[in-house]
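# Topology and contacts: notes
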Amino acid sequence: MPDIRLERGATEGRYVMPRGDEEAELTFSIVSPQLVSADHTRVPESFRGMGAAFALVERLVADARAQGFRIVPKCSYVQAQRRKHPDWADVFADGGDEG
């Protein structure tokens, strides 16, 4: 898995994948200890085609399983990946299609 670090505060956080002077990120809001809202995925043009956004979502899913929280997919990219991966259904809560 690529180098992805987690930055987490009391109410929000992000997964960050650095590359040179740039970074891809997936931001989230902490709704409760059992629920995280995946809010936005941002990938710089220089990362395109490298699977960075997917790797960020995959890390979020892995952490949700390991830590026992569920994901509300507010980000359109996260929502699209949710639809493509029915095997991830165990970590997703009902949530919107906005992004």
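Residues numbered from 1 in each chain as written. Predicted model: local features only at pLDDT ≥ 70, side-chain atom pairs only at ≥ 80, totals over all residues. Heavy atoms only, no water.

Residue placement: Glu 23 occurs in strand S3 (residues 22-32). Given a relative accessible area of 22%, Glu 23 falls into the partly exposed group. The spatial distance from the C-alpha of Glu 23 to the C-alpha of Ser 46 is 9.5 Å, given a sequence separation of 23 residues. In terms of polar contacts, Glu 23 uses its side chain to reach the side chain of Arg 14, at 2.8 Å. (Helix = DSSP H or I, 4+ residues; strand = E, 2+ residues; numbered from the N terminus. Buried < 20%, exposed > 50% of the residue type's maximum accessible area, 1.4 Å probe, protein only. Polar contact = N/O pair within 3.5 Å; in protein donor to acceptor, adjacent residues only side chain to side chain.)

Taken as a whole and judged by the stated rule, the model has one cavity of 30 Å³ or more. Lining the largest cavity, in full, are Leu 6, Arg 8, Tyr 15, Phe 28, Val 36, Leu 60, Gln 67 and Phe 69. Mapped onto the lining of the largest cavity, the elements with two or more residues apiece are strand S1 (5-8) and helix H1 (52-67). Considered class by class, the residues forming the lining of the largest cavity number six nonpolar, one polar and one charged. (1 Å grid on protein atoms, 1.4 Å probe; cavity = no way out; pocket = protein on both sides within 12 Å on 5 of 7 lines; lining within 4 Å. Points joined across faces, edges and corners; volume = space filled by probe spheres on them. Nonpolar A, V, L, I, M, F, W, Y, C, P; charged D, E, K, R; others polar.)

Further remarks concern the sheet that holds S1. On the basis of which strands lie adjacent, the open sheet formed by five strands has the order S1-S2-S3-S4-S5 and mixed pairing. Both outer strands of the open sheet, S1 and strand S5 (70-73), are each paired with one neighbouring strand and no more. With strand direction ignored, the average angle separating the axes of adjacent strands in the sheet is 30°. Relative to S3, strand S2 (residues 12-19) runs antiparallel, the two being bridged by eight bridges. Residue pairing in the sheet places Pro 18 in a bridge with Glu 23 of S3. Contacts from H1 reach S1, S2, S3, strand S4 (35-42) and S5 within the one sheet, and its direction differs from that of S2 by about 135°. (Pairing = 2+ DSSP bridges. Axes fitted to C-alpha atoms, helices over the stretch in contact; angles between N-to-C directions. Contact = heavy atoms within 4.5 Å.)

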